[in-house]
Amino acid sequence: MSQAEGGVRALWKSKIKFAFLIPAVVWVLIFTIFPLIYSLRMSFFNIRIGQGDVFIGLTNFARVFTNEQARSAALVTLKIVVVAVAVELVLGLALAVLFNRVMPARGLLRTILTMPLFATPIAIGYLFFTIFYEEGGLINGLIPWKVPWLSDPGLAALSISMVDIWQWTPFCFLVFLAALQGLSDELYEAAMIEASSGWQIFRYITLPLIQPTIVIVLLLRLAEALKLFDIPFSLTGGGPGTATQVYSLFTYRTGLRFFDLGFASALSYVMLVVVMIIVSFFFRHLRQIYD
C-alpha cells in the first residue's frame, strides 16, 4: 500500500463516524429544534388561520398569567400532580421494601405489578371510564350506592389521580427495588446488631442510602405528571365543566380547537420554563447530597 493510499484510508476512518451521525442530527434538527424555534416565534404573534400573522410582543405571555381558565387549569394540574406523585412515591417504596424480601412466587408477583406500566394511557383512560361509570360501571355495580365518580368535580379529579397512581406506581416500585437490591447485605447484618427494630434500620440506614434515588424518581414523575393529558382527555374530557381540565388539555384546546396558536405556544413555553425550574432545583439538591 502506498503512502497516499494509507493517508486516504486513515482520513476515511477518522471521518466515517461523522457520516453515521448525520441521520440522527438531521432528525433532531427537523423534529426537535425546528418545531421548538418555530413555536417560540409563534408565541410572539397573533396567529389566526387564513389571516396574516401580527406581531404582538409579549402579549400572549401576559395572557397566560391573566387568563382565568389558564390559572384554573394550572391549579387543577397542581392538585392532581401533588396527590398522585406523593401516593406513587410512598406506595412504590412500600411495595419495593415488601418485595425485596424472600417470599413465594416473588418473581411472578413482581411481573404482575409492573404490567400497568406498559399499557397505553389513552386506553387506560377509556378502560377506567367503564369502571367509574355511574350507571352500570364496575365499582358502582359492586357497592350498594351510586357514587358520582365522573360527574362530581372533586371525585372526578380524584378519579384521575387514582388512575395515574395505578399506572405509574409500578415505575416507582421498579426503581426503588433496584436501589434496594444494590445495598450491601453486610451493612444490614451489622445494623441488625445495633438497631432494635426493622423501622430503625429503614429510617436510619435504608432511607438515607436511597435518598438520591428518591429525588431522581420524584424529579422524573413531576416532569412527566405536569404534562398529564391522555387520562383526563379520555376519562373525563376535562369535565364536569372545567373541573378536570388540566394545563396540557387547556393548551391543546386553545391551539387545536379554538386555533389561537400564538396563545397556545405561549402556554407551552410557560410550562417548559416551569419544568426546567423544577429540574434545576432538584439537580441542585442532588449535588448538595453528593457534596
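Residues numbered from 1 in each chain as written. Predicted model: local features only at pLDDT ≥ 70, side-chain atom pairs only at ≥ 80, totals over all residues. Heavy atoms only, no water.

A. Representation of the nonpolar core in the model. Of all hydrophobic cores here, the largest spans 40 residues; its most connected members are Val64, Phe176 and Leu267. The next biggest cluster of nonpolar side chains, apart from the first, holds 17 residues, and it includes Val147, Ala157, Val163 and Ile231. (Core = buried A, V, L, I, M, F, W, Y, C linked by side-chain atoms within 4.5 Å. Buried < 20%, exposed > 50% of the residue type's maximum accessible area, 1.4 Å probe, protein only.)

B. Structural detail: helix H5 (residues 121-132). When the terminal C-alpha atoms of H5 are compared, their 16 Å separation across 12 residues agrees well with the 16 Å that a helix rising 1.5 Å per residue should span. Taken together, the buried positions of H5 are occupied by Ile124, Gly125, Phe128, Ile131 and Phe132. Each buried residue of H5 sits inside an arc of 120 degrees when the element is viewed along its axis, so together they form one side. Among the structural elements, helix H6 (138-142), helix H7 (153-181) and helix H11 (230-235) are those in contact with the buried residues of H5. (Helix = DSSP H or I, 4+ residues; strand = E, 2+ residues; numbered from the N terminus. Expected span 1.5 Å × (residues − 1). Arc of directions from axis to C-beta. Contact = heavy atoms within 4.5 Å.)

C. Summary view of the packing of aromatic side chains. All told, the structure shown has 16 aromatic pairs when counted by the stated rule. Centre to centre, the rings of phenylalanine 229 and phenylalanine 233 are 5.3 Å apart; their planes meet at 20 degrees, and the pair counts as stacked. Judged by relative accessible area, phenylalanine 233 falls into the partly exposed class, the value being 31%. Over the ring of phenylalanine 45 we find arginine 41; its NZ or CZ atom is 4.1 Å from the centre of that ring. Its guanidinium or amino end placed over the ring of phenylalanine 263, arginine 63 lies 3.9 Å from that ring's centre, counting from NZ or CZ. (Phe/Tyr/Trp six-rings, centres within 6.5 Å; stacked < 30°, edge-to-face > 60°. Lys NZ or Arg CZ within 6 Å of the ring centre and 35° of its normal.)

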